[in-house]
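Chain by chain, the residues:
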Amino acid sequence: MKATLTTTNLQTGERWQETLLDIGPVNRMKQVSIYANVRGQQFHGFGGAFTQAAAYCWQQLRPDRRQALLDCYFGPDGLGYTLGRAHIGSCDFALGNYACQAGPEDEGFDTSMDDRDIIPMILAAQETAGAPIGLLLSPWSPPAFMKTNGDMNHGGSLKPEYRARWAGCMAKYAAHYRANHCDVRLMSVQNEPAAVQTWDSCIYSAQEEGEFAAGYLAPALAQAGCGDVKILAWDHNKDSLPRRAAGTMAVPGAEQAVSGFAIHWYSGDHFDAVRLTKSRWPDKELWFSEGCVEYSRFDGMTPLEKAEMYAHDIIGNLNAGISGSIDWNLLLDAKGGPNHVGNFCEAPVMLNEDSSDFAIQTEYYYIGQFSRFIRPGAVRLGVSSWNTDLEATAFENPDGSYVVVVLNRTDRALPMSVTPDRQEGYSFELAPHSIATLQSTAHLA
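Residues numbered from 1 in each chain as written. Predicted model: local features only at pLDDT ≥ 70, side-chain atom pairs only at ≥ 80, totals over all residues. Heavy atoms only, no water.

1. Side note on the layout of surface pockets
Piece 1. Taken as a whole, the largest pocket encloses approximately 190 Å³ of empty space.
Piece 2. Taken together, 17 residues form the lining of the largest pocket, with Glu192, Gln197, Trp199, Tyr266 and Glu294 sitting closest to its centre.
Piece 3. Partitioning the lining of the largest pocket into residue classes produces 8 nonpolar, 5 polar and 4 charged. (1 Å grid on protein atoms, 1.4 Å probe; cavity = no way out; pocket = protein on both sides within 12 Å on 5 of 7 lines; lining within 4 Å. Points joined across faces, edges and corners; volume = space filled by probe spheres on them. Nonpolar A, V, L, I, M, F, W, Y, C, P; charged D, E, K, R; others polar.)

2. A short note on empty space enclosed by the protein
Piece 1. Using the criterion set out here, one finds 1 cavity of 30 Å³ or more in the structure.
Piece 2. Computed from the structure, the largest cavity encloses a volume of approximately 100 Å³.
Piece 3. Phe46, Gly47, Tyr81, Trp265, Phe288, Tyr310, Asp313, Ile314, Ser325, Ile326, Asp327 and Ile367 together form the lining of the largest cavity.
Piece 4. Listing elements by their share of the lining of the largest cavity, those giving two or more residues are β4 (46-49), α10 (303-320) and β12 (322-329). (Helix = DSSP H or I, 4+ residues; strand = E, 2+ residues; numbered from the N terminus.)

3. Section: unusual backbone geometry
Piece 1. For the peptide bond that leads from Gly337 to Pro338, omega is 0°, which places it in the cis range.
Piece 2. By secondary structure assignment, the location of Pro338 is in the loop between β12 and β13 (345-346).
Piece 3. A positive phi angle, near 50°, is found at His433, a position not held by glycine.
Piece 4. Along the chain, the position of His433 falls in the loop between β20 (426-430) and β21 (434-440).

4. Notes on the pattern of salt bridges
Piece 1. Going through the model one piece at a time under the given rule, you end up with 18 salt bridges.
Piece 2. Between Arg244 and Glu209 there is a salt bridge whose closest N-O contact spans 2.8 Å. Taken as a pair, Arg244 in helix α6 (residues 241-249) and Glu209 in helix α5 (residues 206-223) lie far apart in primary sequence, 35 residues in all.
Piece 3. Note on Arg244: relative accessible area 12%, which makes it buried.
Piece 4. Judged by its relative accessible area of 1%, Glu209 is buried.
Piece 5. A salt bridge links Lys284 to Glu255, with the shortest nitrogen-to-oxygen separation between them at 3.9 Å. (Salt bridge = Lys/Arg side-chain N within 4 Å of Asp/Glu carboxyl O. Buried < 20%, exposed > 50% of the residue type's maximum accessible area, 1.4 Å probe, protein only.)

5. So, the packing of aromatic side chains
Piece 1. Going through the model one piece at a time under the given rule, you end up with 17 aromatic pairs.
Piece 2. Ring geometry for Phe261 and Trp281: centres 6.5 Å apart, planes at 55°, overall tilted. Note that Phe261 is positioned in strand β9 (residues 258-264) and Trp281 in the loop between α8 (271-280) and β10 (285-290), a separation of 20 residues in sequence.
Piece 3. Chaining the aromatic ring pairs together yields one cluster made of Phe50, Tyr73, Phe74, Tyr81, Tyr364 and Tyr365.
Piece 4. Positioned over the ring face of Trp58 is Arg66, at 5.7 Å from the centre of the ring. (Phe/Tyr/Trp six-rings, centres within 6.5 Å; stacked < 30°, edge-to-face > 60°. Lys NZ or Arg CZ within 6 Å of the ring centre and 35° of its normal.)

6. Some words on helix α3 (residues 112-129)
Piece 1. Spanning 18 residues, α3 covers 25 Å between terminal C-alpha atoms, matching the ideal 26 Å at 1.5 Å per step.
Piece 2. Of all the bends in α3, the greatest, near 40°, is centred on Ile118, and the proline Pro120 appears no more than four residues after it.
Piece 3. Along α3, the residues classified as buried are Asp114, Asp117, Ile118, Ile119, Met121, Ile122, Ala124, Ala125, Gln126 and Thr128.
Piece 4. Considering only its buried residues, α3 is in contact with α1 (52-60), α2 (63-74), β5 (83-88), β6 (134-139), α4 (163-179) and β7 (183-188).
Piece 5. Phi turns positive, to about 75°, at Gly130, one or two residues after α3. (Expected span 1.5 Å × (residues − 1). Bend = angle between axes of the 7 residues up to and from the residue. Contact = heavy atoms within 4.5 Å.)

7. Some thoughts on the pairing of β12
Piece 1. In terms of residue burial, β12 counts as a mostly covered element, since 8 of its 8 residues are buried.
Piece 2. As paired elements, β10 and β12 share 3 bridges and run parallel to each other. Counted as the bridge partner of Phe288 is Ser325 from β12. (Pairing = 2+ DSSP bridges.)

Here you go:
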C-alpha cells in the first residue's frame, strides 16, 4: 500500500509537494497512532466569508482575475471550499451601515446591497465549484430603530416589541437568498452577542438568545418556508461557550430550536471549552464561524507565525469536535479593508496596492493542507502523538480513504511513524516549521 504525502514548508519555499510513501515497519517510540474504532463528529467542510468588503474587492479585478480568485478558493486545484458565510444587513467589513428597513413605518424589505455585491459573488463561486456553497447567515445588528440605543453600532439590544418583526426579517433574508439560488443551511441568532463594538453590534444574554430562537426565529423560518435552516447560538469566542450554551439550553424550547453553536478564536485556544460543550450536548453541532489576523492585535507577526496560528487553531478545533470551519473575509484590499470603522485585518488573499491583481498570503497554503484533503462527509478518527510538539488530526473520507494532518511549529525536525494499525505504517521526518498531510487510499479496518 502507498500513501501521498503533501507538505508545505514556508522556510524552504516548498508547497504542496507530493511524495509517495511505502508502508513498512514503524518506530514504536515515534508514533502518531490512528484509532479507526474511535470515531467523532462528521465534518461538513471549509469555507470563507462573502462580506461586502470581499465582494467589492473582487469586483475591482479584471474579469479574468476575478475568475482566478474564485479558482484559488473554489476550483478543483484550489482550496476546495464548500462553505461560506454572509452577513444579514451590514457588518464592520461593509462600506457603511445599512439595513433592510429604515424605520417603523417602512414595510419594505431592502436587499439591494446583497443583490448588487454579495449574491453575485456567491453565484460565481458556485459556478466555479460546480456545486452549491453551503451558507451561514449572521446578523451584526438589527435596524437602528429596533434597538434600545437607536444605533446599529455601539451595542444596544433588540427592543422586546421588535422581536417578532426582526425574526421575520431574518427569515426573509434566508428566503431571498434561496430564491436567488444560494444554499442557505445555517443562521446564527447574532454575531458576537456579548461584545459592544464601535461597529454594527447588538447584545443578547444567553437566555435572550434561547428565547429569540425558540419563540421567534424558528417559527419565522418555518413560516417563510425555510424551516430546515439550522439555528446556531453564541457565534462568539470559545472561552465562554460552556456557560453560554448552558444558559441558552435552559430556556424552554431552545433544545429543539437551536441546532448548535458557532465560535470565534479571538480569546485564544480554549479547545477544552469546545470539547466540554460537545461532551455535554453531543447532538449539537459546533461550527467555527470566524477568525482572522487582526492588525490591531497581531501587528508584527511574521507570515510563518500567522500561518502556524491558523493550522494550530484548525487542528485544535477539529479534535475538539467542530463540524465546519469558515474563515473570515475571502478577499481584502491592500490596507485590510474596506472597513467602515477602520478595523483592518488580513485575509488569505489580498489585493495589491492599485487593486489590479491579488497576492496569496502564507496562511492560504496552510489552510489548504486541511481543506484540500478533508472532504465534506468525513468522520474524525481518534489520534495520538508521541510528542506534544507534533500536533495531529485524522479523518476518514466518504470514499474510505483516511487523512492525517501533522504540524511542526518547532525549530527542529520531528521524525514520526504514522500507524493506522499495530503492525505497519508510514515513516518520514517533518521539517522544522512545516505542515504535512498524509492521505492513504487504504481502508481502515
